[in-house]
Amino acid sequence: MNNNYPQYNEGAGSSHTSNSPQRASNFPIFDQSASNSNSNVKGNELHRASDLLMAVSVCTEANFSRIADLADTAMDELIKAALDGDPLWMPQQNEEAESYYTLMDIMKMVEVGEPPSSSLLDFELFNTKSDAESNINNNTNLGFKDNQQQQQQHYLQTEFSRQTEFVKMDPLSIVGFLMDLEQWSLIFSDIVSRAAILQMWSSMGPGGTYDGTLQVMTAEFQLASPLVETRESYFGRFCKQLAPYTWGVVDISLEDLFPYPSIGFCRKPSGCLIQACPDGISKVMWVEHVEVDNRCVQPMFQPYINSGLAFGAKRWVSSLVRYCIWQTTLEAKSTSTINGVSILQAGRLSVLKLAERMTRTFYKVVSGSKENPWMKIPIPGPHDIRVMTQKAKENDPGRPPCTSVIFATSAQVPNNPNEVFQFLRHEKSRNKWDILSFGYVITELACIINGNDSRNRVSIIQVNSSPRKVEVFYLQESYFDATGSYIVYAPVDLFAMSILLRGGNPDNVAILSSGFVVLPDNLKMNGQEIEADGSIVTVALNIVDHSITERIPFDSMVSMHRIMNETVASIKQAFQVQQF
């Protein structure tokens, strides 16, 4: 990159039965030679010595017994946290009769293995310092903590939230991807930046289910901004069939059992209860209970994180709902049109699969994960702009074969998230904030609606510098929900787009993901709902820079600094003069 604005990304978008954990004496260890992707700890996943040490530690019989006891207790606490204080209502065949079950009734059913029929287990969202916390027993401290750890614990804050949702998926499918590392990381890619299974013990219940499976994991949980550090934890995950048609999956941190360099984040019993409902629907009841040191969180993000929307149950459930909607969109047989010409079904699937990879990659590159080597651009200005480079991997047709540079920042915009999202996603607004589109004609050629909200869509956008000259196509995905929204896009050239629309392999289309994340700011309660008057907008731009070898030239940093400041200023100005 030089001091001039870069051209369209060169090379980008081109084709190229209820069991508690059994003791180790009669508990078969999962076959680590199996080909199942979530059974092995690959060398590239254990890239930090702490992961390797933990993997060795948990393998002993004595430690398994301690983890199993902790997981069993955590499951009991998850059930209490999910159901405590809520009457459970079940309509009988006689419509005039109503039956009420208390928490103790359900606990008794679980203990003796009786089914809770098809009762609907209701609970609602709790914010930080919920009254329900008093009913959750603290885990016994089985490990010694030195003075430094005890001092750090003084700063830990409790976050507790509950959320319920009906999703179009059967319980066994939900349990399956919660216990499968690859699927779990994919479905919750907006939250999980890195994860690995360090050890797994499995009794494999009837029919090859995960009933009784216990695994030890490590994961980083992210918010899509380089300015927010990830939350990292070692934890045990335990799956149990509580009764016919009812499952539980619980996580519990292991910091009390094993030494850990930092205790700034501790995952108390968290997870979900899943109950089958008619017509292939499941009722998912999610609980998030953590202790975290938030002293290093930037003031801009404090209200959002304290609201529980950032890492709470509502966000996890929203991601699950979004995945189910996306699967329905993939399976649909309807087609979109380009100027009245239908897209082949094969082309529709290729476009959707490329959009999925584009968005998943965006989450990964924009987060503050320890895998992302962000550095601050050392130039004074109104925004904290971070930058990092990514080198092309060998034999990876999914990205350009050269070094790319990503630069990003987060800024507050005094307009509500709905307005900001609508402005950034709409093609008519693009030439108001995109430096490379100034003066050009932007047209949405086709779109695939994702769900019932027409704003949630995958679009093919065309940029024309003149009536007969197409500069570039953009593939864009936009999605909006109560916890935040995103607009992700990548340039795609004419040749690659034509291959896609004919049903070509989307894995062979090289793209670089850029985009926006819009989070609610200036939050307030309106009854049971959280509303926002303002927004936090994270901007991340991903471009090819042929001038980069080992270091980023200062001239390139100056250009990136200017581009980012102008982009943020253009967004704010558009709202001030109401140009959208």
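Everything numeric in this text was worked out from a predicted model, so none of it was measured.

Looking at the overall build of the protein chain
Turning to step 1, where the next piece is worked out: When you go through the protein chain residue by residue, the secondary structure sums to 13 helices and 21 strands.
Turning to step 2, where the next piece is worked out: Residue burial in the protein chain is summarised as follows: out of 580 residues, 57% are buried.

Section: the confidence of the model for the protein chain
Turning to step 1, where the next piece is worked out: Summary statistics for the protein chain give a mean pLDDT of 80 and a share of 74% for residues scoring 70 or more.
Turning to step 2, where the next piece is worked out: Within the model, the stretch residues 14-47 combines pLDDT values under 50 with 93 contacts to residues more than four positions away or in other chains.
Turning to step 3, where the next piece is worked out: Across residues 86-145, confidence stays below pLDDT 50; counting only partners more than four residues off in sequence or on other chains, it has 110 contacts.

Describing unusual backbone geometry
Turning to step 1, where the next piece is worked out: The phi dihedral of Tyr245 is positive, around 75 degrees, even though this residue is not glycine.
Turning to step 2, where the next piece is worked out: Among the secondary structure elements, Tyr245 is positioned in the loop between β6 (231-243) and β7 (246-253).
Turning to step 3, where the next piece is worked out: Exposure remark for Tyr245: the relative accessible area of 56% places this residue in the exposed category.
Turning to step 4, where the next piece is worked out: Phi at Asn522 is positive, roughly 55 degrees, even though this residue is not glycine.
Turning to step 5, where the next piece is worked out: Counting through the fold element by element, Asn522 comes out in strand β20 (residues 514-526).
Turning to step 6, where the next piece is worked out: Among the residues examined, Asn522 registers a relative accessible area of 46% and is labelled partly exposed.

Side note on the nonpolar core
Turning to step 1, where the next piece is worked out: Counting 84 residues, the largest nonpolar core has Leu178, Trp184, Phe188, Phe221, Trp286, Phe301 and Leu475 as the members making the most contacts within it.
Turning to step 2, where the next piece is worked out: No other element matches helix α9 (residues 345-366), which puts 9 residues into this core.
Turning to step 3, where the next piece is worked out: For this core, the domains that each give at least three residues are domain 1 (55-87 + 155-327) and domain 2 (338-577).
Turning to step 4, where the next piece is worked out: Ignoring sequence-local partners within four residues, the contact set of Phe188 consists of Phe177, Leu178, Trp286, Trp316, Ser319 and Leu320.

Side note on the pairing of strand β17 (residues 457-466)
Turning to step 1, where the next piece is worked out: Most of β17 sits inside the fold, with 8 of its 10 residues counted as buried.
Turning to step 2, where the next piece is worked out: Sheet topology places strand β16 (residues 441-449) next to β17; 8 bridges connect them, and they run antiparallel. Along β17, the bridge assignment pairs Ala446 with Ile460.
Turning to step 3, where the next piece is worked out: With 9 bridges joining them, β17 and strand β18 (residues 469-481) adopt antiparallel strand pairing. Following the sheet pairing, Asn464 is matched in β18 by Val470.
Turning to step 4, where the next piece is worked out: Hairpin connection between β17 and β18: a loop of 2 residues separates the two successive antiparallel strands.

Overview of helix α8 (residues 313-331)
The periodicity of an α-helix, 3.6 residues per turn, causes residues three or four places apart in sequence to face the same way.
Turning to step 1, where the next piece is worked out: When the terminal C-alpha atoms of α8 are compared, their 28 Å separation across 19 residues agrees well with the 27 Å that a helix rising 1.5 Å per residue should span.
Turning to step 2, where the next piece is worked out: Summarising burial for α8: 14 of the 19 residues are buried, a large majority.

Topic: the side chain of Gln462
Turning to step 1, where the next piece is worked out: Mapped onto the elements, Gln462 comes out in strand β17.
Turning to step 2, where the next piece is worked out: Under the relative-accessibility criterion, Gln462 is labelled buried at 14%.
Turning to step 3, where the next piece is worked out: Among the polar contacts listed, one links the side chain of Gln462 to the side chain of Asn464, at a separation of 2.5 Å.
Turning to step 4, where the next piece is worked out: In contact with Gln462, not counting residues within four places along its chain, are Val441, Ile442, Thr443, Leu445, Val470, Val472 and Phe473.

Thoughts on the packing of helix α10 (residues 417-425) against helix α13 (residues 554-576)
Turning to step 1, where the next piece is worked out: Running from N to C, α10 and α13 point in directions that differ by 115 degrees, and their axes come no closer than 11 Å. By the angle class used here, α10 and α13 are roughly perpendicular. Two packed elements cross with a definite hand, and for α10 against α13 that hand is right-handed. Of the residues in α13, those touching α10 at Glu419, Val420, Phe423 and Leu424 are Ile571, Ala574 and Phe575.
Turning to step 2, where the next piece is worked out: By residue class, the composition of the contact of α10 with α13 is 6 nonpolar, no polar and 1 charged.

Some details on the pairing of strand β15 (residues 404-413)
Turning to step 1, where the next piece is worked out: Burial within β15 is extensive, with 9 of its 10 residues counted as buried.
Turning to step 2, where the next piece is worked out: Where strand β14 (residues 386-390) meets β15, 5 bridges bridge the pair, whose relative direction is antiparallel. If you follow Thr389 over to β15, its bridge partner there is Val405.
Turning to step 3, where the next piece is worked out: Bridging between β15 and strand β21 (residues 529-544) involves 10 bridges; their strand directions are antiparallel. Paired with Ala411 across the strands is Val537, a residue of β21.

Topic: the sheet that holds β18
The strands that make up a sheet pair up through hydrogen bonds in the backbone, lying either parallel or antiparallel.
Turning to step 1, where the next piece is worked out: With respect to topology, 9 strands assemble into an open sheet ordered β13-β14-β15-β21-β20-β19-β18-β17-β16, the strand pairing being antiparallel. Two strands close off the open sheet at either side, each with one partner strand: β13 (375-376) and β16.
Turning to step 2, where the next piece is worked out: The sheet contacts of α8 involve β16, β17, β18 and β19 (484-492), and relative to β18 the element is tilted by about 130 degrees.
Turning to step 3, where the next piece is worked out: Along the sheet, α10 contacts β15, β17, β18, β19, β20 and β21; its crossing angle with β18, the most-contacted strand, is approximately 160 degrees.

Some words on the environment of Met557
Turning to step 1, where the next piece is worked out: Here Met557 lies in helix α13.
Turning to step 2, where the next piece is worked out: Sequence separation of Met557 and Ile377 is 180 residues, and the distance between their C-alpha atoms is 6.6 Å.
Turning to step 3, where the next piece is worked out: In contact with Met557, other than residues within four places in its own chain, are Met375, Ile377, Pro378, Ile379 and Ile552.

Conventions we followed
Residues numbered from 1 in each chain as written. Predicted model: local features only at pLDDT ≥ 70, side-chain atom pairs only at ≥ 80, totals over all residues. Heavy atoms only, no water. Helix = DSSP H or I, 4+ residues; strand = E, 2+ residues; numbered from the N terminus. Buried < 20%, exposed > 50% of the residue type's maximum accessible area, 1.4 Å probe, protein only. pLDDT = per-residue confidence, 0-100. Contact = heavy atoms within 4.5 Å. Core = buried A, V, L, I, M, F, W, Y, C linked by side-chain atoms within 4.5 Å. Domains from an automatic or database assignment. Pairing = 2+ DSSP bridges. Expected span 1.5 Å × (residues − 1). Polar contact = N/O pair within 3.5 Å; in protein donor to acceptor, adjacent residues only side chain to side chain. Axes fitted to C-alpha atoms, helices over the stretch in contact; angles between N-to-C directions. Parallel < 35°, antiparallel > 145°, perpendicular 65-115°, else oblique. Left-handed = near helix turned anticlockwise from the far one by under 90°. Nonpolar A, V, L, I, M, F, W, Y, C, P; charged D, E, K, R; others polar.

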